[in-house]
Amino acid sequence: MISTAAKTTTALRARPFLGAASVVALFVALWMALVWSPPDAAMGNVVRILYVHVANAWLAYLAFVVVFLASVAYLWTKRLVFDAIAVASAEIGVLFTGLTLVLGSIWARPTWGVWWSWEPRLITTAVMFAMYVGYLLVRNLSDDLERRATRAAVLGIVLVVDVPIVHLSVTWMNALHQLPSVLRPDLSPTLDPSMLASLIAMTIAFTFLYAYLMTARVDIERRRQARVLEARA
Amino acid sequence: MTLRRIRIIAVREALAERGQPDGLISAVTFVATMILVESLAVGPLAANQPAIAAALFWIAMAFAAILATSRSFERELEDDALSAILALPGGRDAIYGGKVLALTALLALVAIVGGALSLVLLSLGVALPGHLLTVAIAGVLSLSPVMVLFVAIALRLRSRGALVPILVLPVLVPQLVAATNGTAAAASGDAAGALAWAGLLVAFALVYWVLGFTIVPAALE
């Protein structure tokens, strides 16, 4: 029942620990990325933007896959908690996709000589950003809780099609963007071990941050759902 | 049983369109206008390049498909017929399948007229007409399931006129890229390229058919 939304759940109890873990992990990962890992032979210190850019992109993928899973779960069970998870994850995904585009653009300027290039990875990422902005728009245009959740769930299932397209676009088409460095088909990362360790540390830190933001946003959405249902009753 | 219902809905759509062909006329007029305006905007020298002509044609087709699909569902809403169909057993599957079939037929007609206009007005030469036809059929097949899916999702939303293009155009990017490249390949004599892109379009069509049948019944209100 929605009236239990404000009750202390495992996720809510875990939130302070997730927040603390995010801060600690981010400090460690930043130290590894900015101090410990070596500069790149070709790009020099510019390569350090890789650690936040890739971690951002990972979070965007993760967030949209969670939207998909929560959408399937909502259509299956009709429990509004899954709708709350979907909207929370979509908002976080849109935020981090936007940051991925901005950081990628900042990285492109010194390496490619341009802020933006019309190449597959950039376009498909921008398209994914536009798709999920559309998802959030659809949600905001409906006041009925269940109808909005059903409509959004259907959309959340359809839109996930773009996530593998974004990831594989660089291998399918000739691209200026480099090929995947970690999630490769042959499962053999092409990065220097210390760079790879820094990247993994940053990705773990960002995942903690995602979990922290999710617990906060899901809680807000559950309270909102409870208010709507109470007003209806 | 479901197939019979799908056929009934598709025939009903065709009869409604024959009685009042505003969907077809507006889509054909729209495609013709778009091709003319776009060719003027890019200039005559650029407009008859295979890649550019193909892009102009498929962008026009995408917008025409949005127009035709929205019109088809508006007709249901105006006549208050949607609720009755949805109340029938198997009505939700049937309305998706029937609408997709009817839209595919309508878009095929629009593609024939729009394609002929492009060939004549832009003085395009086609090296492989059979391959061009294959790509055109695959392109039309890949447009209709996506259109019906998104118009169905946005059906009862306010400002759906603006919302449907915002939702559907980003999703259509792979299909538009494939259809444009396939058409350009057929026009310039690259048989293998044209067939590869047509295959990709058919794959997209299948994915969205299955996805539509699985989830659209839940979205229809």
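Presented here is a report on the structure given in the accompanying data block. (Residues numbered from 1 in each chain as written. Chains lettered and ligands numbered in written order. Predicted model: local features only at pLDDT ≥ 70, side-chain atom pairs only at ≥ 80, totals over all residues. Heavy atoms only, no water.)

## With respect to empty space enclosed by the protein
Defined as follows: Here a cavity means grid points, on a 1 Å grid over the protein atoms only, where a 1.4 Å probe fits yet cannot get out; a pocket means an open set of points with protein on both sides within 12 Å along at least five of seven lines; lining residues are those with an atom within 4 Å of a point. Grid points are joined across faces, edges and corners, and a volume is the space filled by probe spheres set on the points. Each helix is a run of H or I in the DSSP string that is no shorter than four residues. Each strand is a run of E no shorter than two, and both are numbered from the N terminus. Nonpolar residues are Ala, Val, Leu, Ile, Met, Phe, Trp, Tyr, Cys and Pro. Charged residues are Asp, Glu, Lys and Arg, and all others, Gly as well, are polar.
Enumeration over the complete set of coordinates arrives at 1 cavity of 30 Å³ or more. Considering only enclosed or pocket space, the largest cavity measures out at about 40 Å³ in volume. Taken together, Met131, Val158, Leu159, Val161, Asp162 and Ile165 of chain A together with Val171, Pro174 and Tyr208 of chain B make up the lining of the largest cavity. Those elements giving two or more residues to the lining of the largest cavity turn out to be α5 (145-159) and α6 (162-172) of chain A together with α8 (160-188) of chain B. Looking at the lining of the largest cavity residue by residue, the class counts come to 8 nonpolar, no polar and 1 charged.

## What about the layout of surface pockets?
All names here are of chain B. Approximately 530 Å³ is the volume found for the second largest pocket. As for the second largest pocket, its lining consists of 25 residues, of which Phe57, Ala111, Gly115, Leu132 and Ala136 are closest to the centre. Elements that contribute at least two residues to the lining of the second largest pocket include exactly α4 (50-79), α6 (91-121), α7 (129-153) and α8. For the lining of the second largest pocket, the element with the highest residue contribution is α6, accounting for 8 residues. Broken down by class, the residue content of the lining of the second largest pocket amounts to 19 nonpolar, 6 polar and no charged.

## A look at the packing of helix α2 (residues 49-77) of chain A against helix α3 (residues 80-112) of chain A
Two packed helices can be described by the angle between their axes and the distance between those axes. All names here are of chain A. Basically, it comes down to this: To define axes, lines are fitted to C-alpha atoms, for helices over the stretch in contact only, and angles between the resulting N-to-C directions are given on a 0 to 180 degree scale. Reported orientations rely on four angle classes, namely roughly parallel under 35 degrees, roughly antiparallel over 145, roughly perpendicular from 65 to 115, and oblique for the rest. Helix crossings are classified by the rotation of the near helix relative to the far one: an anticlockwise turn of less than a right angle makes the crossing left-handed, while a clockwise turn makes it right-handed.
It is at 7 Å that the axes of α2 and α3 come closest, and there the two elements cross at 155°. Judged by the angle between their axes, α2 and α3 are roughly antiparallel. In the crossing of α2 with α3, the sense of the turn from one axis to the other is left-handed. Taken together, the residues that form the contact of α2 with α3 break down as 24 nonpolar, 9 polar and 1 charged.

## A few points about the interface of chain A and chain B
Short version of the rule: Should any heavy atoms of two residues lie within 4.5 Å, those residues are counted as being in contact. By definition, the buried area sums, over both parts, the 1.4 Å-probe accessible area that each loses when the two are put together. The rule for a salt bridge is simple: a side-chain nitrogen of Lys or Arg has to be within 4 Å of a carboxyl oxygen of Asp or Glu. N or O atoms closer than or at 3.5 Å make up a polar contact, with two conditions inside protein: a donor-capable atom paired with an acceptor-capable one, and, for residues adjacent in sequence, both atoms drawn from side chains.
Facing the 22 residues of chain A at the interface are 21 residues of chain B. Contact with chain B buries surface across chain A, with Leu141, Arg151 and Val158 of chain A losing the most and accounting together for 32% of the total. Applying the counting rule to chain A against chain B returns 0 salt bridges. Inspection of the region where chain A meets chain B yields 1 residue pair in polar contact (both at pLDDT 80 or more).

## Focus on the side chain of Gln175 of chain B
Residues and elements named next belong to chain B. We apply this condition: Under the scheme applied here, a residue whose accessible area is under 20% of the maximum for its type counts as buried, over 50% as exposed, and between as partly exposed, the area being computed with a 1.4 Å probe on protein chains only.
Relative to the elements of secondary structure, Gln175 occurs in helix α8. When its relative accessible area of 1% is taken as the criterion, Gln175 is described as buried. Apart from the residues within four sequence positions on either side, Gln175 is in contact with Ser142, Val146, Leu201, Phe204 and Tyr208.

## Remarks on the pattern of salt bridges
Note on pairing: side chains with opposite charge can pair once their charged atoms come close. All names here are of chain A. Considering all chains together, one arrives at 11 salt bridges over all chains under this definition. Residue Glu91 pairs with Arg217 through a salt bridge whose shortest N-O separation is 2.6 Å. Separated by 126 residues along the polypeptide, Glu91 in helix α3 and Arg217 in helix α7 (residues 193-232) bring together distant segments of the chain. The class for Glu91 is partly exposed, based on a relative accessible area of 33%.

Purely spatial values, then, with no claim about function.
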